[in-house]
Amino acid sequence: MSLYTAYLEEIETRKGEGLHPKPIDDGALVAELIAQIEDTANEHREDSLNFFIYNTLPGTTSAAGVKAAFLKKIILGEATVAEITPDFAFELLSHMKGGPSIEVLLDLALGDDAEIAGQAADVLKTQVFLYEADMERLAAAYKDGNAIAKDILDSYAKAEFFTKLPEVDEEVKVVTYIAAEGDISTDLLSPGNQAHSRSDRELHGKCMISPEAQKEIQDLQEQHPDARVMLIAEKGTMGVGSSRMSGVNNVALWTGKKASPYVPFVNFAPVVAGTNGISPIFLTTVGVTGGIGLDLKNWVKKLDENGKPVLDAEGNPVLEQKYSVETGKVLTINTKEKKLYDETGAELVDVSSAFTPQKVEFMKAGSSYAVVFGKKLQTFAAETLGVEAPAVYAPSKEVTVADQGLTAVEKIFNANAVGVEKGKVLHAGSDVRVKVNIVGSQDTTGLMTSQELEAMAATTISPTVDAAYQSGCHTASVWDKKAQANIPRLMKFMNDFGLITARDPKGEYHAMTDVIHKVLNDITVSDWDIIIGGDSHTRMSKGVAFGADSGTVALALATGEATMPIPESVKVTFKGQMADHMDFRDVVHATQAQMLKQCGDNVFQGRIIEVHIGTLLADQAFTFTDWTAEMKAKASICISNDETLIGSLELAKGRIQTMIDKGMDNEAKTLQGLIDKADKRIAEIRSGEKPALTPDANAKYFAEVVVDLDLIDEPMIADPDVNNADPSRRYTHDTIRPVSYYGGDKKVDLGFVGSCMVHKGDIKIVAQMLKNLEEANGKVEFKAPLVVAAPTYNIIDELKEEGDWDILQKYSGFEFDDLFPKANARTEYENILYLERPGCNLCMGNQEKAAKGDTVLATSTRLFQGRVVEDSAEKKGESLLASTPVVVLSAILGRTPNSDEYKAAVKGINLTKFAPPQEVPGTSRSVHF
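Residues numbered from 1 in each chain as written. Predicted model: local features only at pLDDT ≥ 70, side-chain atom pairs only at ≥ 80, totals over all residues. Heavy atoms only, no water.

(A) Up close: the packing of helix H1 (residues 3-16) against helix H3 (residues 45-54). Across the interface, H1 lies against H3 with an axial gap of 13 Å and an inter-helix angle of 80 degrees. On the basis of their axis angle, the class for H1 and H3 is roughly perpendicular. Within the contact between the two elements, H1 uses Tyr-4, Tyr-7 and Ile-11 and H3 uses Asp-47, Ser-48 and Phe-51. The residue makeup of the contact of H1 with H3, split by class, is 4 nonpolar, 1 polar and 1 charged. (Axes fitted to C-alpha atoms, helices over the stretch in contact; angles between N-to-C directions. Helix = DSSP H or I, 4+ residues; strand = E, 2+ residues; numbered from the N terminus. Parallel < 35°, antiparallel > 145°, perpendicular 65-115°, else oblique. Contact = heavy atoms within 4.5 Å. Nonpolar A, V, L, I, M, F, W, Y, C, P; charged D, E, K, R; others polar.)

(B) How the structure looks around the side chain of Lys-822. Mapped onto the secondary structure, Lys-822 falls in the loop between strand E30 (812-815) and strand E31 (833-836). Of note is the side chain of Lys-822, whose polar atom sits 2.8 Å from the side chain of Glu-836. Looking at Lys-822, its side chain comes within polar contact range of the side chain of Glu-848, at 3.2 Å. Setting aside its immediate chain neighbours within four residues, Lys-822 contacts Ser-477, Val-478, Trp-479, Asp-480, Phe-814, Glu-836 and Glu-848. (Polar contact = N/O pair within 3.5 Å; in protein donor to acceptor, adjacent residues only side chain to side chain.)

(C) Expanded view of empty space enclosed by the protein. Following the criterion strictly, the structure yields 11 cavities of 30 Å³ or more and no others. By volume, the largest cavity amounts to about 130 Å³. Every residue lining the largest cavity is counted, 16 residues in all, and those nearest its centre are Val-240, Gly-241, Ala-629, Glu-630 and Lys-632. Residues belonging to the lining of the largest cavity are distributed by class as follows: 7 nonpolar, 5 polar and 4 charged. (1 Å grid on protein atoms, 1.4 Å probe; cavity = no way out; pocket = protein on both sides within 12 Å on 5 of 7 lines; lining within 4 Å. Points joined across faces, edges and corners; volume = space filled by probe spheres on them.)

(D) Quick peek at the sheet that holds strand E11 (residues 330-334). Across the sheet, which stays open at both edges, the 7 strands sit in the order E8-E7-E3-E1-E11-E12-E13 with mixed pairing between neighbours. The two strands at the open ends of the sheet, each matched to only one other strand, are strand E8 (292-295) and strand E13 (347-350). The sheet shows a mean angle of 30 degrees between the axes of neighbouring strands, direction not considered. Bridge analysis of E11 against strand E12 (residues 339-341) gives 3 bridges, and the strand direction is antiparallel. The residue of E12 that forms the bridge with Thr-332 is Tyr-341. Helix H13 (residues 211-223) contacts strand E1 (171-181) and strand E3 (228-234) of the sheet and is inclined by roughly 160 degrees relative to E1. (Pairing = 2+ DSSP bridges.)

(E) Here's a closer look at the packing of H1 against helix H2 (residues 27-38). Running from amino to carboxyl end, H1 crosses H2 at an angle of 100 degrees, the nearest separation of the two axes being 9 Å. Between H1 and H2, the angle falls in the class roughly perpendicular. Contact with H1, carried on its side by Leu-3, Tyr-4 and Tyr-7, involves Ala-28, Leu-29, Glu-32, Leu-33 and Gln-36 of H2 and no other residues of that element. Looking at the contact of H1 with H2 residue by residue, the classes come out as 6 nonpolar, 1 polar and 1 charged.

(F) Representation of the pattern of salt bridges. Applying the stated criterion to the full structure yields 52 salt bridges. One salt bridge connects Glu-650 with Lys-653, and the closest N-O pair in it is separated by 3.4 Å. In this pair, Glu-650 and Lys-653 are both assigned in helix H25 (residues 642-661), 3 residues apart and thus about one turn of the helix distant. Relative accessible area serves as the criterion here: at 36%, Glu-650 is assigned to the partly exposed category. Via salt bridges that share partners, Lys-760, Lys-764, Lys-771, Glu-798, Glu-802 and Asp-804 belong to a single interconnected network. (Salt bridge = Lys/Arg side-chain N within 4 Å of Asp/Glu carboxyl O. Buried < 20%, exposed > 50% of the residue type's maximum accessible area, 1.4 Å probe, protein only.)

(G) Representation of helix H21 (residues 516-523) in the model. With respect to burial, H21 is a largely interior element, 8 of its 8 residues being buried. Turning to H21, its buried residues are Ile-516, His-517, Lys-518, Val-519, Leu-520, Asn-521, Asp-522 and Ile-523. Where H21 is buried, its residues contact strand E16 (438-441), strand E17 (467-470), helix H24 (618-627), H25, helix H26 (670-687) and helix H28 (793-801).

(H) View of the packing of aromatic side chains. Inspection of every chain in the model, using the stated rule, returns 19 aromatic pairs. Residues Phe-574 and Phe-914 carry aromatic rings whose centres are separated by 5.0 Å and whose planes lie at 75 degrees to one another, so their mutual orientation is edge-to-face. Here Phe-574, found in strand E22 (residues 569-575), pairs with Phe-914, found in the segment after helix H31 (899-905); they are 340 residues apart in sequence, far enough to count as distant. Of the two residues examined, Phe-574 and Phe-914, each falls in the buried class. A cation over an aromatic ring shows up here: Lys-364 above the ring of Phe-162, its NZ or CZ 4.4 Å from the ring centre. The ring of Phe-814 is capped by Arg-826, whose NZ or CZ atom sits 4.6 Å from the centre of that ring. (Phe/Tyr/Trp six-rings, centres within 6.5 Å; stacked < 30°, edge-to-face > 60°. Lys NZ or Arg CZ within 6 Å of the ring centre and 35° of its normal.)

(I) Structural view of the environment of Ala-699. The topology assignment puts Ala-699 in the loop between H26 and strand E25 (703-708). Overall, the relative accessible area of 14% leaves Ala-699 in the buried class. Separated by 291 residues in sequence, Ala-699 and Ala-408 place their C-alpha atoms 8.7 Å apart. Discounting chain neighbours no more than four positions away, the residues touching Ala-699 are Gly-405, Leu-406 and Thr-407.

(J) A look at unusual backbone geometry. Residues other than glycine seldom take positive phi values, yet Lys-97 does so here, at roughly 55 degrees. Note on placement: Lys-97 falls in the loop between helix H5 (86-94) and helix H6 (100-109). For Asn-841, which is not a glycine, the phi torsion comes out positive at approximately 55 degrees. Looking at the secondary structure, you find Asn-841 in the loop between E31 and strand E32 (855-858).

(K) Expanded view of the nonpolar core. The biggest cluster of nonpolar side chains holds 112 residues, and the ones touching the most others in it are Ile-84, Met-456 and Val-544. Sorting elements by how many residues they give to this core places helix H17 (residues 368-385) first, with 10 residues. Residues contacting Ile-84, with those up to four places away along its chain left out, are Leu-49, Phe-52, Ile-53, Leu-71, Ile-74, Ala-89 and Leu-92. Counting residues in each nonpolar core, the second largest holds 83 residues, with Ile-656, Leu-674, Val-739 and Leu-833 among its members. (Core = buried A, V, L, I, M, F, W, Y, C linked by side-chain atoms within 4.5 Å.)

(L) Spatial organisation of the pairing of strand E33 (residues 878-881). Here E33 shows two buried faces, one formed by Glu-878 and Leu-880 and the other by Ser-879 and Leu-881. As judged from the 4 bridges shared by E32 and E33, these two strands associate in the parallel manner. Among the inter-strand pairings, Thr-855 is bridged to a residue of E33, identified as Glu-878.

(M) Local environment of the environment of Glu-714. By the element assignment, Glu-714 lies in the loop between E25 and strand E26 (716-718). The spatial distance from the C-alpha of Glu-714 to the C-alpha of Lys-903 is 8.7 Å, given a sequence separation of 189 residues. Within the local environment of Glu-714, its side chain forms a polar contact with the side chain of Ser-740, the two groups lying 2.8 Å apart.

(N) Seen up close, a negative patch on the surface. Residues Asp-87, Asp-112, Asp-113 and Glu-115 make up a contiguous surface patch of negative charge. One can find Glu-115 in helix H7 (residues 114-124). (Patch = residues over 30% accessible without salt bridge, like charges linked within 9 Å, V, L, I, M, F, W, Y side chains within 5 Å. Areas by Shrake-Rupley, 256 points an atom, 1.4 Å probe, with all protein chains shown as cover. Lys, Arg positive; Asp, Glu negative; His and termini not counted. Charge placed at Lys NZ, Arg CZ, Asp CG, Glu CD.)

(O) Layout of the pairing of E11. Burial analysis of E11 places 5 of its 5 residues in the buried class, the great majority of the element. Of the two faces of E11, both are covered, the one formed by Val-330, Thr-332 and Asn-334 as well as the one formed by Leu-331 and Ile-333. Bridge count between E1 and E11: 5 bridges; the pairing is antiparallel. Looking across to E11, one finds that Val-174 is bridged to Leu-331. Hairpin connection, E11 to E12: the antiparallel pair is bridged by 4 residues, and Lys-338 has positive phi, about 60 degrees.

(P) Summary view of helix H23 (residues 584-599). With 16 residues, H23 extends 22 Å from end C-alpha to end C-alpha; this agrees with the ideal 22 Å at 1.5 Å per step. Of all the 16 residues making up H23, 12 are buried; the element is thus mostly covered by neighbouring parts of the structure. Among the residues making up H23, those that are buried are Phe-584, Arg-585, Asp-586, Val-587, Val-588, His-589, Ala-590, Thr-591, Gln-592, Gln-594, Met-595 and Leu-596. Count one or two residues on from H23 and you reach Gly-600, which has phi positive near 85 degrees. (Expected span 1.5 Å × (residues − 1).)

(Q) Geometry of the sheet that holds strand E14 (residues 417-418). An order of E14-E15-E21 is seen for the 3 strands of this open sheet, with the pairing classed as antiparallel. Strand pairing shows two members of the sheet lacking a second neighbour, E14 and strand E21 (561-565), which therefore form its edges. As paired strands, strand E15 (residues 431-435) and E21 are joined by 5 bridges and run antiparallel to one another. Bridged to Arg-433 within E21 is Thr-563.

(R) Fine view of the side chain of Ser-441. With respect to the helices, strands and loops of the structure, Ser-441 is situated in strand E16. By relative accessible area, Ser-441 is classed as buried at 1%. Once you skip the residues sitting within four places of it in the chain, Ser-441 turns out to touch Gly-446, Thr-449, Tyr-469, Gln-470, Ser-471, Met-494, Leu-499, Ile-516 and Val-553.

Put into structure tokens, the structure is as follows:
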């Protein structure tokens with residue numbers, strides 16, 4: 001069977017699913033198309049021509065390589081296709097975004113035919129995705145006296161690829177669509193359980209919100225053909241939980257503009273909004289697509305005569321509607337005045353934050369990374385020509401405050417800044433290009449990252465990146481046909497690109513399914529590092545880490561850089577003493593609760609949380625930094641003391657060595673390089689040359705929160721509050737309740753100990769609780785299922801060595817087997833202990849899930865609607881979050897425990913302890929605690 005015949009069969013299958021032909025990325029198939037195009041009598045010629053022109057993916061796909069080579073033959077007259085003139089061939093090349101198309105254009109521009117060279121040069125002047133090899137060809141030709149090369153470089157030095165683009169429309173007419181009330185998680189826009197289809201954009205688009213919502217959006221478009229549909233989170237924040245490029249892709253697919261007539265299902269420039277704006281990491285993704293993200297402020301707190309918020313019976317602020325954005329309202333965004341107007345022309349709200357000079361550039365260029373590549377290309381051209389590059393792009397905002405110290409994040413950004421005048425010190429609010437040290441790609445967004453890399457014509461990882469890792473954790477639970485088709489292909493691409501991969505394409509080492517954040521936490525070996533990861537929980541306890549969309553991850557891999565403002569910081573310190581029966585997870589919950597009580601509003605949102613945790617090793621401290629994603633923080637920084645940081649780095653070295661011993665290092669010896677870097681950092685700390693990172697004493701913070709450990713007397717639960725009368729209060733992380741609130745009688749249908757929030761100590765707590773209960777009662781019986789998924793294999797290995805795994809095996813009704821992984825997702829659970837494969841498991845919600853309508857008590861981070869558990873017809877699903885001992889006890893009891901039951905169950909168990917340092921120990925070389 002020919003590839004074309006197989007493609008026709010696939011087309012028929014997709015047609016039955018209401019889908020168009022899948023875009024082609026296979027060069028061998030394109031070669032068959034070309035053969036049929038050249039055979040003028042071929043019965044498939046017309047279809048082949050359409051597939052070649054309109055359905056072949058650009059960038060560095062093998063399909064793009066074959067297409068570009070054939071277009072070159074047409075331009076040179078070596079092949080003739082009546083429907084593709086040489087001029088049209090140039091137009092098709094201009095839409096192929098780098099890679100083979102740039103190579104072809106350079107061949108033609110630097111060739112002997114003057115007319116063709118001039119046409120090729122005109123096309124090249126519009127392109128920005130050039131890499132070192134392309135630039136070197138141009139520079140060499142220029143030095144050899146080639147006039148065309150000089151002409152192209154002149155254009156690049158003036159950044160004509162940007163300046164000649166149309167300006168952003170002064171007025172953007174929109175019609176409103178309320179996607180949901182309350183915070184909108186990216187799961188609504190791109191459900192986790194549909195992660196397998198993310199790289200198939202048309203198919204994945206079918207899962208956005210609901211078929212009914214998609215029809216309503218189409219109806220609005222028909223009714224208002226001159227307006228763009230604006231998706232709104234009413235009384236909430238848009239895009240909480242994760243960056244999820246697939247979510248923005250889906251919104252763009254249904255409401256955005258077509259990027260190219262020759263590239264199917266790739267749209268850009270979506271418009272999204274929220275009463276409380278856009279979640280920071282999601283807003284970055286909106287910028288990647290050149291979109292608009294508005295902070296509507298259409299609901300405000302009702303104030304009393306003293307100017308204080310009026311509270312309802314539950315102590316929540318009462319909201320008043322300032323103006324309506326109900327579905328179907330026609331509004332106008334004025335991008336110059338930066339205001340939102342209603343149909344009568346009345347001003348509704350200032351939206352200046354959506355139209356900073358940098359964001360407007362993203363909109364003009366069609367994406368943020370077109371701007372990044374453009375700046376790099378302009379700099380190269382100017383340096384090659386020996387001229388001053390004209391100021392084309394908006395100057396980076398530089399904020400310097402005299403006599404003001406630096407927060408920890410300001411120090412890291414200044415240390416890693418690129419293109420900043422030497423000696424200049426920048427404070428929060430500055431726009432900065434920074435070097436990225438560590439990059440992480442996870443398996444349900446990795447396929448999109450690989451597509452982005454192909455689209456931007458990148459073929460190898462930037463040499464300035466210390467290390468990058470491709471995980472397999474989000475698809476670890478079930479090795480189904482979808483995973484078998486997608487994951488090996490992803491691992492091969494990333495391995496070839498230069499990443500350390502969880503799965504070896506050659507099959508020489510054991511397939512790892514370790515949770516990505518845990519691996520990144522281990523391979524981050526400096527407190528001065530900047531980390532970019534394709535997941536919202538990219539929050540390390542060393543350095544500063546930012547969750548990012550698949551496009552930003554691709555950009556970091558390709559260029560070794562990221563561009564963003566330096567965020568403001570909120571300082572979190574601790575006082576008092578932690579009670580023996582409390583677990584550190586309760587300190588995390590208490591931070592959220594006490595912050596809201598002290599500040600009234602969530603001051604963490606969009607900012608860095610600088611947590612002065614001091615004495616906890618990286619594994620335990622990660623529980624706090626990981627949670628900050630749910631506080632809607634931009635990122636977090638953990639301030640450790642010297643000896644603790646050294647301990648964390650030694651722990652990281654051991655874990656990295658284990659990866660090397662498994663055979664995971666590459667030819668570049670990336671992992672060994674990390675161990676060497678860790679040794680260097682340890683030596684700097686021990687010698688006093690460069691102590692552990694601390695802020696300056698006179699640093700300025702947006703707010704300071706002091707967590708009183710003395711106030712934490714009983715375990716706390718983060719409750720999705722699914723039945724709150726106010727929809728905006730549901731599924732947020734703001735409802736933190738003591739376990740006594742539930743009276744010891746809230747039914748629990750399933751317990752889950754796992755996700756990136758747990759560490760080795762948590763699994764040891766499970767084992768010790770089982771031992772204690774067995775000793776007290778003779779045996780342990782579960783009245784609800786308990787799912788336990790260790791985050792990494794090394795934790796399991798260590799538990800086996802220390803004797804804790806035996807008791808877990810004894811009470812398990814299921815234990816994972818890597819030789820025979822599950823091929824089907826679990827739909828029902830018995831009242832037993834399940835020992836699941838390391839990975840995300842229930843927290844991700846893309847494979848395993850609780851039964852619909854269940855109440856799940858979990859150690860994970862996700863309480864979004866439909867994530868861990870979906871609603872049933874009779875009952876809303878609930879995902880409540882608590883510490884490991886609370887979850888284990890609740891599964892055994894089949895209900896939430898009361899405070900006395902909890903205290904009895906944890907007696908004698910070594911819970912995760914924390915005490916803020918009271919004084920500087922003699923061994924310390926750091927002045928700050």
